Amino acid sequence: MDLEFGRDMRSPQRDSWKTTLLLAYQSLGVVYGDLSISPLYVFKSTFAEDIQHSETNEEIFGVLSFVFWTLTLIPLIKYVSIVLRADDNGEGGTFALYSLICRHANVSLLPNRQIADEELSTYKLECSAERTDKSRIKVWLEKHKKLHTALLIMVLIGTCMVIGDGVLTPAISGLEFSLSKDHREYAVIPITCVILAFLFALQHYGTHRVGFLFAPIVLAWLICMSALGLYNIIHWNPHVYQALNPCYMFKFLKKTRKYGWMSLGGILLCMTGSEAMFADLGHFSYSAIQLAFTSLVYPALILAYMGQAAYLSKHHDFYSNSQVGFYIAVPVVGSQAIISGTFSIINQSQSLSCFPRVKVVHTSDKIHGQIYIPEINWLLMILCIAVTVGFRDTKHMGNASGLAVITVMLVTTCLTSLVIMLCWRRPPVLALCFLLFFGSVEALYFSASLIKFLEGAWLPILLALFLMAVMLVWHYTTIKKYEFDLHNKVTLEWLLALGDKLGMVRVPGIGLVYTDLTSGVPANFSRFVTNLPAFHQVLVFVCVKSVPVPYVFPAERYLIGRVGPPGHRSYRCIVRYGYRDVHQDVDSFETELVESLATFIKLDASYRCSEASGAGDQEEERGARLAVIGSSRASYDIQDSVQHSSATSVEMTMTTTRRRSGDDDGSPGGGRAKQVRFFIDSHVVSPEAADSKQVAEELEALAAARDAGTAFILGHSHVQCKPGSSLLKRLAVDVGYNFLRRNCRGPDVALRVPPASLLEVGMVYVL
């Protein structure tokens, strides 16, 4: 079923103050867990280097100055003030930025693009298309295809580092226990493994329930942490506020030199979890996240770090490791944001055809986008336990986590600078200033993390390289398979001639033929009827495609059209999903599909009646006509001239000549296709069309086919390289892709096809 959205994106009204307060409270348990527990290990990781304390406390004050300005510049100014505003219909994260860029510039590598996708309600642009077309940056990006690939690789790097952080954050959080030295050696590892197993076992309950459970723990932690910090400031060193002067940062680097620069890898841990504010934006709201951070999280963190610095300024030989009653629960809370983010980002990677198929379970009936992926959950648990047992200390894991975090932030900075130019239409100088200012700060931390390659920083790089290889292999082979299908599709004339061939029969029921093509008859159907000379009474070619928007409203999800004349009973259905959507269950899909087909049959009859009374012969164009059933948008468009009408409910779209580059015909060239859109309101359907004998027979045939049952026809593919292919291509396709295909979920699981109704057609792809 289609679930409700957390917020109504059609009418983005300001939330009431009660709703904002509730969302801000709930965000504590999901968004700010990782950021809130950073005071547990920042000073400890920083002074793990060979830094000696002096009586002037310049080293301690220098670290505090770095922490204060880092928290102020990155989480407060960069994310809360700027990056959070770069949302995609209320959604945040790396894919939201990439989606915005792809809508404002033709840089997407995804196939199946159609001009009709631009009519979606969520496909909104920050400025008019005419104004966007004048951008030199846009023209330059669209001209160079290599930049499209580089942009996708940048997004995948950020994705891989987020997944790597999902492995490291629970492990490093779990090791931070308040145990004596005598008990630590033999107790910390088993206890950590038990807590990690408990944490991942909770995930199937969903982010909403787990986050609501953790919110009071984080709230209590922040209050106690800030109160303890205030006490330490007053009791030990009231003059610690002087360290907020940025001059102490330069004094620290000047005095400690190489070791001070290396210690920046520990200081950057103070902003771990900042990316979660943007990544989890869709679950809450901008005002809620801004309120929670500025009024509670940020002041509490500053007081906590100042209190630690005040205490350390009087105890140079001691690092505070005091007992806290709910200490063990806090690391569990701190890991929730990154685990939830890992589920979301892998689901988004699937929408880009960049990740093998996995089973996605929706965990909330009311909040859209909260998901759980079983195999990824248990794989993360195994990797977390392996890292915990293998590293055994927080220093090396802190180095690894720091590199993963700062890499994601660098990717976000680069993508946001493109959004400033392409989407917000700000001067390139402003985008360059944003990139240079925040990029230089993050590059400094990145260099300090990278220098610790042999001390743990190699782990996220290794994980990223492995994940990148998997994603690139899957994406490359998927695109090549699509191109193979495109060049081997059969003609409409071949399909229409099947009924005249000896021995070809139509059997009762509905046959849903799944294909990646938005036009034409796929090769797997020709293979099907070649081996079994029969096909169903009602034939529907179903294309499930992703569009560069976070969500597609249920009323705009289906594009319905005919394949051949009405008497052939063949249709095309294009099902559109956003990168945060989860596929419907099969019962809901069947019901909505049949209802949409019935509505289309009536409206198409009305259109044919109106067409018969007009001039011109458009018979050959009918196969390209598609209808959005249930759309509430209104316009009348003939060859780029747009005239708004009052109220309509169904859009009839016809593509007549050129398509945009990347469409199914594979034709080069740009520009908008010549198209004619007809809008027919449901209450103006002519009685002659609705009550005609032909419509009645077609509806009766549809109902009878539905009662007879539905069969799902999918291609079972085997991929192999052409003779003479390079060694790298053979390793990627013959070995890598086929291994992933055999050991991951099949398309029937991703499409939620019932096994009893599944018909698989063997297909060999020679790439």
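Values in this document were obtained by computation on a predicted structure and should not be read as measured data. (Residues numbered from 1 in each chain as written. Predicted model: local features only at pLDDT ≥ 70, side-chain atom pairs only at ≥ 80, totals over all residues. Heavy atoms only, no water.)

Enquirer: Could you clarify how one ought to interpret the overall build of the protein in this entry?
Expert: Assigned secondary structure in the protein consists of 27 helices and 13 strands. When each of the 767 residues of the protein is scored for burial, the buried share is 57%. Partitioning the contacts of the protein with sequence separation of at least 6, the portion at a separation of at least 24 is 83%. Entry remark: accessible area of the protein is about 31,700 Å², with carbon and sulfur atoms responsible for 61%. (Helix = DSSP H or I, 4+ residues; strand = E, 2+ residues; numbered from the N terminus. Buried < 20%, exposed > 50% of the residue type's maximum accessible area, 1.4 Å probe, protein only. Contact = heavy atoms within 4.5 Å. Areas by Shrake-Rupley, 256 points an atom, 1.4 Å probe, with all protein chains shown as cover.)

Enquirer: Before we go on, may I ask you to explain the nonpolar core in this structure?
Expert: The nonpolar side chains of a soluble globular protein tend to be buried with one another. Ranked by size, the top nonpolar core spans 141 residues in total, and within it Y32, F293 and Y305 carry the most contacts. With near-sequence residues (within four places) excluded, F293 lies in contact with Y32, L35, P75, L76, V80, M277, Y298 and P299. If you look at the next biggest cluster of nonpolar residues, it comprises 29 residues, including V542, I560, C573 and V695. (Core = buried A, V, L, I, M, F, W, Y, C linked by side-chain atoms within 4.5 Å.)

Enquirer: Please clarify how the pattern of salt bridges should be interpreted in this entry.
Expert: Any two side chains of opposite charge can pair if their charged atoms end up close together. In this structure the tally under the stated criterion is 13 salt bridges. Among the salt bridges present, the one from K255 reaches E59, with a minimum N-O distance of 3.2 Å. Of this pair, K255 sits in helix α11 (residues 247-256) while E59 sits in helix α4 (residues 58-82); the two residues are 196 residues apart in sequence, bridging distant segments of the chain. Judged by its relative accessible area of 42%, K255 falls in the partly exposed class. Of the charged contacts, one joins E442 and K78 as a salt bridge, the two residues approaching to 2.5 Å between their closest N and O atoms. Of this pair, E442 sits in helix α19 (residues 428-450) while K78 is found in helix α4, placing the two residues 364 residues apart along the sequence. (Salt bridge = Lys/Arg side-chain N within 4 Å of Asp/Glu carboxyl O.)

Enquirer: Explain the confidence of the model for the protein to me, please; I cannot follow it from the model alone.
Expert: Low-confidence regions, as indicated by low pLDDT, have predicted coordinates that should not be scrutinised in detail. Confidence in the prediction for the protein averages 79 pLDDT; 80% of positions are at 70 or higher. Here residues 615-623 is modelled with pLDDT under 50, and outside its nearest four sequence neighbours on either side it reaches eight contacts, counting other chains as well. Here residues 631-663 is a poorly scored stretch, pLDDT under 50, and it has 114 contacts once near neighbours within four places are set aside; other chains count. (pLDDT = per-residue confidence, 0-100.)

Enquirer: I'm lost on a nonpolar patch on the surface in this one. Help?
Expert: Together, F453, L454, W458 and L462 make up an exposed nonpolar region whose accessible area comes to about 440 Å². A residue is classified by how much of its surface remains accessible, and L454, at 75% relative accessible area, is exposed. (Patch = residues over 30% accessible without salt bridge, like charges linked within 9 Å, V, L, I, M, F, W, Y side chains within 5 Å.)

Enquirer: Quick question: what am I supposed to make of the pairing of strand β5 (residues 558-562) here?
Expert: As a general feature of sheets, a regular strand has side chains that alternate between the two faces. Most of β5 is tucked away: five of the five residues are buried. Covered by surrounding structure in β5 are Y558, I560 and R562 together with L559 and G561, the residues of both alternating faces. Taken together, the five bridges between β5 and strand β6 (residues 570-577) define a ladder with antiparallel strand orientation. Note on β6: the bridge partner recorded for I560 is C573. (Pairing = 2+ DSSP bridges.)

Enquirer: Help me out: how do you make sense of the packing of aromatic side chains in this one?
Expert: Think of a pair of aromatic rings as described by two things: how far the centres are apart, and how the planes are tilted against each other in angle. In this structure the tally under the stated criterion is 19 aromatic pairs. Three or more aromatic residues joined by ring pairs make a cluster, and in this case those are W494, F525, F528, F535 and F541. The lysine or arginine in question, K481, covers the ring of Y765, its NZ or CZ lying 5.2 Å from the ring centre. (Phe/Tyr/Trp six-rings, centres within 6.5 Å; stacked < 30°, edge-to-face > 60°. Lys NZ or Arg CZ within 6 Å of the ring centre and 35° of its normal.)

Enquirer: Is there a simple way to explain the side chain of T72 in this structure?
Expert: Counting through the fold element by element, T72 comes out in helix α4. Among the polar contacts made by the side chain of T72, one reaches the main-chain carbonyl oxygen of F68 at a distance of 2.8 Å. With residues near it in sequence (within four places) discarded, T72 still touches I77 and Y298. (Polar contact = N/O pair within 3.5 Å; in protein donor to acceptor, adjacent residues only side chain to side chain.)

Enquirer: Help me understand the pairing of strand β12 (residues 710-720) in this model?
Expert: As paired elements, strand β3 (residues 505-515) and β12 share four bridges and run parallel to each other. When the bridges of β12 are listed, I510 appears paired with T710. Sheet topology note: the β12/strand β13 (residues 758-766) ladder contains nine bridges and is parallel. The partner of Q720 across the bridge, within β13, is V766.

Enquirer: Where do I start with the environment of Y305 in this structure?
Expert: Its location among the elements puts Y305 in helix α15 (residues 286-312). In the structure, Y305 is positioned 240 residues away from S65 in sequence and 9.8 Å away in space, judged by C-alpha atoms.

Enquirer: What should I look at first to understand the packing of helix α18 (residues 394-422) against helix α20 (residues 458-487) in this one?
Expert: Each pair of packed helices gets described by two things: the angle between the helix axes and the distance between those axes. Contact geometry for α18 and α20: axes closest at 7 Å, N-to-C directions at 50°. The pairing of α18 with α20 is recorded here as oblique in orientation. Taking contact as the criterion, the partners of A400, L403 and A404 in α18 are, on α20, L459, P460 and I461. (Axes fitted to C-alpha atoms, helices over the stretch in contact; angles between N-to-C directions. Parallel < 35°, antiparallel > 145°, perpendicular 65-115°, else oblique.)

Enquirer: Would you take a moment to explain helix α26 (residues 727-743) for this structure?
Expert: Owing to its 3.6 residues per turn, the α-helix brings residues three or four apart onto one side. Look at α26: 23 Å from first C-alpha to last across 17 residues, which is about the 24 Å you get at 1.5 Å a residue. What α26 keeps buried is the set A732, V733, G736, Y737, N738, L740 and R741. As for α26, its buried residues are in contact with α20 and β12. (Expected span 1.5 Å × (residues − 1).)

Enquirer: What is the right way to read the packing of α18 against α19 from this model?
Expert: Contact geometry for α18 and α19: axes closest at 9 Å, N-to-C directions at 170°. Our classification of the angle between α18 and α19 gives roughly antiparallel. Contact with α18, carried on its side by G402, L403, I406, T407, M409, L410, T413, C414, T416, S417, I420 and M421, involves P428, A431, F434, L435, F438, G439, E442, A443, Y445, F446, S449 and L450 of α19 and no other residues of that element. Its residues placed into classes, the contact of α18 with α19 shows 16 nonpolar, seven polar and one charged. (Nonpolar A, V, L, I, M, F, W, Y, C, P; charged D, E, K, R; others polar.)

Enquirer: Before we go on, may I ask you to explain unusual backbone geometry in this structure?
Expert: Both trends apply: most residues other than glycine have a negative phi, and most peptide bonds are in trans. One non-glycine residue, R425, adopts positive backbone phi at about 60°. Of note, R425 is situated in the loop between α18 and α19. When its relative accessible area of 24% is taken as the criterion, R425 is described as partly exposed. Phi is positive for R569, close to 60°, though the residue is something other than glycine. Turning to its location among the elements, R569 is positioned in the loop between β5 and β6.

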